[in-house]
Protein chains: 2
Amino acid sequence: MHRETLQRYMNYLLLLTKLKSEGRATVTSDELAVREGVTGSRVRQDLSALRILGKPRQGYRIADLEILISSMLDILSAKPVALVGIGNLGRALVLSDIWSHAGFDLVALFDNDPALIGTSVAGLPVRDAAIMERFIQEQGIESACLALPADKAQAVADRLVDAGVRALWNFALIDLDVPAGIIVENQRLEQGLMALSFRIAKRNQDIARGPQD
Amino acid sequence: MHRETLQRYMNYLLLLTKLKSEGRATVTSDELAVREGVTGSRVRQDLSALRILGKPRQGYRIADLEILISSMLDILSAKPVALVGIGNLGRALVLSDIWSHAGFDLVALFDNDPALIGTSVAGLPVRDAAIMERFIQEQGIESACLALPADKAQAVADRLVDAGVRALWNFALIDLDVPAGIIVENQRLEQGLMALSFRIAKRNQDIARGPQD
DNA sequence: CCGCTCTCGGTACCCGGTTATCGATTCTAC
DNA sequence: GTAGAATCGATAACCGGGTACCGAGAGCGG
Ligand SMILES: NC(=O)c1ccc[n+]([C@@H]2O[C@H](COP(=O)([O-])OP(=O)(O)OC[C@H]3O[C@@H](n4cnc5c(N)ncnc54)[C@H](O)[C@@H]3O)[C@@H](O)[C@H]2O)c1
Ligand SMILES: NC(=O)c1ccc[n+]([C@@H]2O[C@H](COP(=O)([O-])OP(=O)(O)OC[C@H]3O[C@@H](n4cnc5c(N)ncnc54)[C@H](O)[C@@H]3O)[C@@H](O)[C@H]2O)c1
């Protein structure tokens, strides 16, 4: 599955939640399509690939779509995950509700700042990063999120992988080097901002050249 | 330009920075290619599209690449931008150095929490969101970042657009409704985490089915 | 100086993602 | 009940991003 396709599924899910909150029970392929900038054809193929069946003149049942897309993404499970680096970004992540929405259960916070160790955020204690490996092994945690300075991320990632972590969600602006089989998902905030910069420049160029061409 | 292609350019840039710090002056298309999981052919076409010329048996000059890719993304400028919502996420963004890296200059912070108004973060004062429109109009600010609760984002976006903002970087988990011509770049953190969940599930399936097929 | 090798630049080809099309199905209206 | 409209499911056609290939030029070794 290509990244673009995966993103479409996640966007369907977001739109479905909104539709459901509006009291809708079904949705047509064209409705989903216009929001994504593709055709109804593409949407029907996406859904067909998940063995989701719709009904003519009625569309797809929203509840079915939600369950099947969620299953494919495996976001109905509660995989334990640890968060390392309880700075501003880390705290924002702890307090957000994205973990359960994405199939994770945030079970441990680690930092190496003595001022933070022992405090708690959203009911979870901040533990000393020194005991990180032991805790992760004992709890069998296989996923971790890195919200650390870029120059600390690689060393911490190495320790986590040694302790048994096999999937990393990385916010540091660095290309982590990990063994084969270890998944790294980089959340590159600055690339989102760069994309905005590019789109602004492109729009301004288009306006300057005139809308006729 | 497709999103995938744009992302490749940004990744080239990240890798170039690393190579430059290692003292390299040139780079070959194949070197850039392996990091991106594409062929040298694709990289050469990407660079050729920017009118970047390399030399046989030598590669491309890193300095040239950096300048031309940066120009295309327009990240060498300093577009003024305002940030609304100085919670944990907002504070992390203020303290990061992504703004200048992506062609922006963070010039104003807004919040509506009386406890925050008047304090300052990284030297910038937190202003009262009540005076947001006037300030943005007076300063001619055309970009803004939303780090707000989802249920407040639409209302604030409306006010910003009315005040002249034409590009939004949105962190709230909501599909903003804006007039045509206004750019919205959504930074959907939870989708990154969902993508991780999907990749973990896929890997585990692949392992279960055995590596032979 | 002369090949040899490496890498670029351009072109042709290919593949898979996207769209278009059409028959099949089901709901609505009268 | 029947006609008609709407929408699905499947298949075929299209298109553009990606790859393969080849000729050309630049450095290297002898
Ligand atoms: N990719 C981006 O665009 C982007 C944007 C914003 C932030 N970030 C990254 O996210 C990181 C976190 O941001 P922040 O604002 O929360 O930074 P921060 O400095 O507030 O927090 C970093 C935390 O990590 C802790 N830490 C440092 N070394 C550690 C170690 N070895 N083990 C355990 N904990 C350790 C520190 O004590 C601190 O609490 C930043 O360093 C930045 O690189 C990236
Ligand atoms: N998309 C994601 O996956 C994701 C992840 C984390 C956070 N977020 C979003 O980012 C938002 C910010 O996160 P946070 O942890 O900093 O939240 P927060 O609650 O700490 O901060 C929100 C800030 O916005 C301010 N605010 C509220 N209404 C306002 C208004 N009308 N005008 C001006 N300021 C206003 C509040 O005073 C507060 O300081 C969250 O609400 C969340 O939706 C999204």
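Residues numbered from 1 in each chain as written. Chains lettered and ligands numbered in written order. Predicted model: local features only at pLDDT ≥ 70, side-chain atom pairs only at ≥ 80, totals over all residues. Heavy atoms only, no water.

A. Structural view of the interface of chain B and chain A. With 56 residues of chain B at the contact, the number on the chain A side is 55 residues. Of the roughly 5,300 Å² buried where chain B meets chain A, counting both sides, 66% is carbon and sulfur surface. Summed over the shared surface of chain B and chain A, the number is 4 salt bridges. Measuring nitrogen to oxygen at the nearest pair gives 3.8 Å for the salt bridge that ties Asp-175 of chain B to Arg-35 of chain A. (Contact = heavy atoms within 4.5 Å. Buried area = accessible area lost by both parts, 1.4 Å probe. Salt bridge = Lys/Arg side-chain N within 4 Å of Asp/Glu carboxyl O.)

B. Inspection of the site of ligand 1 at higher detail. All names here are of chain A. Taken together, 24 residues surround ligand 1, and among them Leu-89, Asp-111, Pro-149, Phe-171 and Glu-190 come closest. Considered on its own, ligand 1 offers 850 Å² of accessible surface; in the complex 81% of this is hidden by protein. Looking at the shell around ligand 1, the element that brings in the most residues is helix H5 (residues 88–95), giving 3 residues. Its residues assigned to classes, the shell around ligand 1 comprises 13 nonpolar, 7 polar and 4 charged. (Near = heavy atom within 4 Å. Areas by Shrake-Rupley, 256 points an atom, 1.4 Å probe, with all protein chains shown as cover. Helix = DSSP H or I, 4+ residues; strand = E, 2+ residues; numbered from the N terminus. Nonpolar A, V, L, I, M, F, W, Y, C, P; charged D, E, K, R; others polar.)

C. Quick look at the domain arrangement of chain A. You can read the domains of chain A as domain 1 (3–73) and domain 2 (79–190). On a C-alpha basis, the centroid separation for the pair domain 1 of chain A and domain 2 of chain A is 32 Å. (Domains from an automatic or database assignment.)

D. How the structure looks around the packing of aromatic side chains. Residues and elements named next belong to chain A. Applying the stated criterion across every chain yields a total of 8 aromatic pairs over all chains. Relative to Trp-169, the ring of Trp-99 lies with its centre 5.7 Å away and its plane at 85°, an arrangement referred to as edge-to-face. You can see Trp-99 sitting in helix H6 (residues 98–101) and its partner Trp-169 sitting in strand S8 (residues 167–170), a full 70 residues away along the chain. Classification of Trp-99 by relative accessible area gives buried; the value is 5%. Of the residues examined, Trp-169 reaches a relative accessible area of 1% and is grouped as buried. Of the aromatic side chains, those joined through ring pairs into one cluster are Trp-99, Trp-169 and Phe-171. A cation over an aromatic ring shows up here: Lys-79 above the ring of Phe-104, its NZ or CZ 4.7 Å from the ring centre. (Phe/Tyr/Trp six-rings, centres within 6.5 Å; stacked < 30°, edge-to-face > 60°. Buried < 20%, exposed > 50% of the residue type's maximum accessible area, 1.4 Å probe, protein only. Lys NZ or Arg CZ within 6 Å of the ring centre and 35° of its normal.)

E. Fine view of the packing of helix H7 (residues 132–139) of chain A against helix H8 (residues 150–162) of chain A. All names here are of chain A. Running from amino to carboxyl end, H7 crosses H8 at an angle of 35°, the nearest separation of the two axes being 9 Å. The way H7 lies across H8 gives a crossing that is right-handed. Between H7, through Met-132, Glu-133, Ile-136 and Gln-137, and H8, the contact on the second element is made entirely by Val-156, Arg-159, Leu-160 and Asp-162. (Axes fitted to C-alpha atoms, helices over the stretch in contact; angles between N-to-C directions. Left-handed = near helix turned anticlockwise from the far one by under 90°.)

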